[in-house]
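Chain by chain, the residues run as shown.
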Amino acid sequence: MSALPLSLRRPSALFLSIFLSGGLIFGARLAFTADWPLSPPRLAANFGSFAKGRVIVGVALAGEEGSVRASEDGEIAFSAEEGTLPSGLPSALGSFIVVEQRGGIAAIYSHVAPGTISIRERKPKAGDPIASPGRSGWIEGTGVVYQVFDRRASSWINPYLLLPPLADDAPPVIRSMAFSRGTKDYILGAAASVPQGTYRISVDIADPSNASWSAGVLAPYAIRLSVDGVEISREVFDVAKAKDGKLQLFAQNPMAADDLRTTEGRYELAERLFTRGRIVIEVRVEDASGNKRSASWTVLVE
Amino acid sequence: MEEIGKRRLAAALVVVALLAYFLVCAFPLHKELVLMPVWTKSISVASVAQTANTSARQKGVSEEKASGEKVIPFRLGNRYGYFSPDGNIIFSAVADYGVALAPDAYATYDRLSEGFTIKSPYGAELARVAATGYPFFAAGRRFVIGPDQMTVSELSEPGAIKWSYQLASVATAFNASPSLVVFGLIDGTIVGLDSAGKAVLDFAPGGSRIAGVYGVAVSPDGLLVAAVTGADKQRLVILEKRSAAYRVAYHRYLSSDYRRPVYITFTSDGSRLAYESSSGIAVYDRDTKRETIISVPATAYLGQTIRRGQLMVVLSGSGDAKRLICTALPDRRVLDVPVKASLAFVEAKNDSLFLGTDDSLVRMDFEER
């Protein structure tokens, strides 16, 4: 297992996101100055988790005790209660609150307990209680979903980039890798060889969770894929943005979320032509706490 | 004698002038508008579900076709159902979590809804939908909002997904016409999608320190889109479709500074826009581009016009203390009555007013005297 290059580490990803977004001027200063809105932070889903019917573009924190606290100084921009909004739109986020922070950042705390949103203090300070954890709207368990929206770049930012690192020493698990062509899948390891041709390469990764419930398998923070030592894919779960009515992930090499995730639940990272011979394919993953894991397979292409 | 003659002449002239004034400048007094009670019905589940359900709903489609009557949906908290203008309670039930209601269909859904059944008011199954999220109906169209509050889909008649669209951020407001569906987002953008799910409007009004959309409305013809946007300062923005694009036709800063969803709606004939303002219900006249205020004592949460758009009905208040206020537009109040109910709704049709309060429905008809 080798260390990921510096370019995949968080500060670099942050600067990358700042650079590409053209916004988030205060991003560098914001980094790690925010605090987790629910303590202790137990992740039920994270940025890039593919949950039922949606891609999580924030973090879902499990917990029934304590208060949901403002992660930064800010000003309440919007709040709504669970149910149908006056316009007739149901609130799938249940009771939620939007806090305007500096630098064009809007923080959203959703699925909180109905009737607990505190709007007496319109400008909450970091650490001020703003609601109670809840299970309002479309959410699998009790807690809060925290999302960070960069208004200037019109994109969602991985909250990991702004929050203190989690005390986590469990690296992500690489469960399998597969080559797919048409409807045929070759799970590497199980298949001794594959016919030559063009394949979609997918990898099944999960980051362990310590939460009492889950909204989806935890996504890694970064994935790097190489064939015979040559990097063919490097993805960092840093930002997400809707473009032309479709959600895209990654600041560099944006990829449609629908294309990234296969129906089997794997991340489909690249498409490659393989000719006869022996190839070595390697995947390296890293979570937000810097825990890394790698795995490699030798494949005979016939 | 000559002096007396002059006085008489002057008096006669005054009388003639007064007569002429009354004849020429006469303005008829407003007729008194009164509300006459027609019927009162209980909509408690116990009294209705056992009787009306069995008598009408189980007969299903045949009953619906036979009756041919237009039924009216109601929702009071988790209780929902349908009734006919003549006082027939089609059914009354309690939703476990949520319900989407329209005059022609409804669908109940669970908190973790991954599918639902659309039914007619008489219980006939219209469509089974396999979609994750919550349904909502408007302008004869059926939609689903995803668990992220950003993915919206429109359903076809048989319940298939016609199109899906990923909004740039969380939707806070919505409205639809037969040709246009509009969403307001937390990022301050107003997004309009046509009937094929193609974006035909993507506009961020700006001009406020904090961006946001607190309410949107589409005129029935789809040509006007209005929104209450931004905070510090809050703005009313009206966009009008000219050629193929929507352009700002009117805007003004408001004295309100809401940080929650606000009520805004076009009247059914599209001639006026009513929206919640800090001093009451503001009514914008599309033709004159003038605004008048209907002052109401607290949060107004429903505004409808009847009698050819000349009378606005508003239900206002909070808690158990609400008021039903009717105003002859632009600003002549003709009715203001207290409504003691924790849950209430009002529906205005033609010359009738249907008022729902907690567990009963009342029909009252306007009469001129």
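Source: prediction; values computed, not measured.

Asker: What exactly am I supposed to notice about the overall build of chain B here?
Answerer: For chain B, the count of helices and strands is four helices and 31 strands. Within chain B, the proportion of its 369 residues that are buried is 44%. In chain B, once contacts between residues fewer than 6 apart in sequence are set aside, the share between residues at least 24 apart is 42%.

Asker: I would appreciate a short explanation of the domain arrangement of chain A in the present structure.
Answerer: Residues and elements named next belong to chain A. What the domain assignment lists for chain A is domain 1 (6-161) and domain 2 (173-301). Taken together, the contact pairs 31 residues of domain 1 with 28 residues of domain 2. For the side of domain 1 that touches domain 2, the secondary-structure elements that each account for two or more residues are α1 (10-21), β1 (43-45), β2 (50-51), β4 (59-62) and β11 (155-157). For the side of domain 1 that touches domain 2, the residue count by class is 20 nonpolar, nine polar and two charged.

Asker: Honestly, the sheet that holds strand β23 (residues 292-301) of chain A in this entry has me stumped. Any pointers?
Answerer: In a beta sheet, neighbouring strands are held together by backbone hydrogen bonds and run either parallel or antiparallel to one another. Residue and element names in this part refer to chain A. With mixed pairing, the five strands of this open sheet are ordered in space as β14-β23-β22-β16-β17. For this open sheet the edge positions go to β14 (193-194) and β17 (230-236), each flanked by a neighbour on one side alone. In this structure, β14 lies alongside β23, joined through two bridges in parallel fashion. By the bridge assignment for β23, Ser-193 is matched with Leu-300.

Asker: For this particular structure, what's the right way to read the nonpolar core?
Answerer: Most often, soluble globular proteins keep nonpolar side chains buried together rather than apart. Of all hydrophobic cores here, the largest spans 184 residues; its most connected members are Ile97(A), Tyr109(A), Leu167(B), Val182(B), Val216(B), Val225(B) and Ala226(B). The dominant element in this core, judged by the number of residues it contributes, is strand β17 (residues 210-218) of chain B, at seven residues. Residue contributions to this core reach at least three from each of two domains, namely domain 1 (6-161) and domain 2 (173-301) of chain A. Sequence-distant contacts of Val216(B), defined by excluding residues within four places in its chain, comprise Ser87(A), Ala173(B), Phe174(B), Asn175(B), Val182(B), Gly184(B), Ile190(B), Val225(B), Ala227(B) and Ile264(B).

Asker: Please explain the confidence of the model for chain B as it appears in this structure.
Answerer: Caution applies to low-pLDDT regions: their predicted coordinates should not be interpreted in detail. Of all residues in chain B, 88% attain a pLDDT of 70 or more, and the chain-wide mean is 87. Interface confidence for the predicted complex, given as ipTM, is 0.88, next to a pTM of 0.88.

Asker: Help me understand the pairing of strand β18 (residues 224-231) of chain B in this model?
Answerer: Regular strands show a simple pattern: their side chains alternate between the two faces of the sheet. All names here are of chain B. With eight of eight residues buried, β18 lies mostly within the body of the structure. Relative to β18, β17 is paired through six bridges, and the arrangement is antiparallel. The residue of β18 that forms the bridge with Ile-210 is Ala-231. Taking the residues that link successive antiparallel strands as the turn, the β17-β18 hairpin has five residues, and the phi of Gly-222 there is positive, at about 75 degrees. Strand direction decides the pairing type here: β18 and strand β19 (residues 235-242), joined by six bridges, are antiparallel. Each bridged residue has a counterpart across the sheet, and for Val-228 the counterpart in β19 is Leu-236. Between β18 and β19, which pair antiparallel in sequence order, lie three residues; one of them, Asp-232, sits at a positive phi of approximately 55 degrees.

Asker: What should I look at first to understand the sheet that holds strand β14 (residues 180-185) of chain B in this one?
Answerer: Residue and element names in this part refer to chain B. Taken together, four strands build an open sheet; the order of strands is β13-β14-β15-β16 and the sheet is antiparallel. For this open sheet the edge positions go to β13 (171-176) and β16 (199-203), each flanked by a neighbour on one side alone. On average, each strand axis in the sheet is tilted by 15 degrees relative to the strand beside it, whichever way the strands run. Inspection of the sheet shows strand β15 (residues 190-194) paired to β16 by four bridges, in the antiparallel sense. Counted as the bridge partner of Leu-193 is Ala-199 from β16.

Asker: Even after reading the chapter, I still don't get the interface of chain A and chain B, so can you show me in this structure?
Answerer: A common way to report how large an interface is uses the accessible area buried once the components associate. Of the residues lining the interface, 31 residues belong to chain A; the matching set on chain B comes to 40 residues. Secondary-structure elements contributing two or more residues to the side of chain A that touches chain B are β6 (75-80), β7 (95-101), β8 (105-112) and β19 (246-249) of chain A. With six residues, β6(A) is the single largest residue contributor to the side of chain A that touches chain B.

Reading guide: rules and limits
Residues numbered from 1 in each chain as written. Chains lettered and ligands numbered in written order. Predicted model: local features only at pLDDT ≥ 70, side-chain atom pairs only at ≥ 80, totals over all residues. Helix = DSSP H or I, 4+ residues; strand = E, 2+ residues; numbered from the N terminus. Buried ≥ 20, exposed ≤ 12 C-beta atoms within 10 Å, placed from the backbone. Contact = placed C-beta atoms within 7 Å. Domains from an automatic or database assignment. Nonpolar A, V, L, I, M, F, W, Y, C, P; charged D, E, K, R; others polar. Pairing = 2+ DSSP bridges. Core = buried A, V, L, I, M, F, W, Y, C linked by C-beta atoms within 7 Å. pLDDT = per-residue confidence, 0-100. Axes fitted to C-alpha atoms, helices over the stretch in contact; angles between N-to-C directions.

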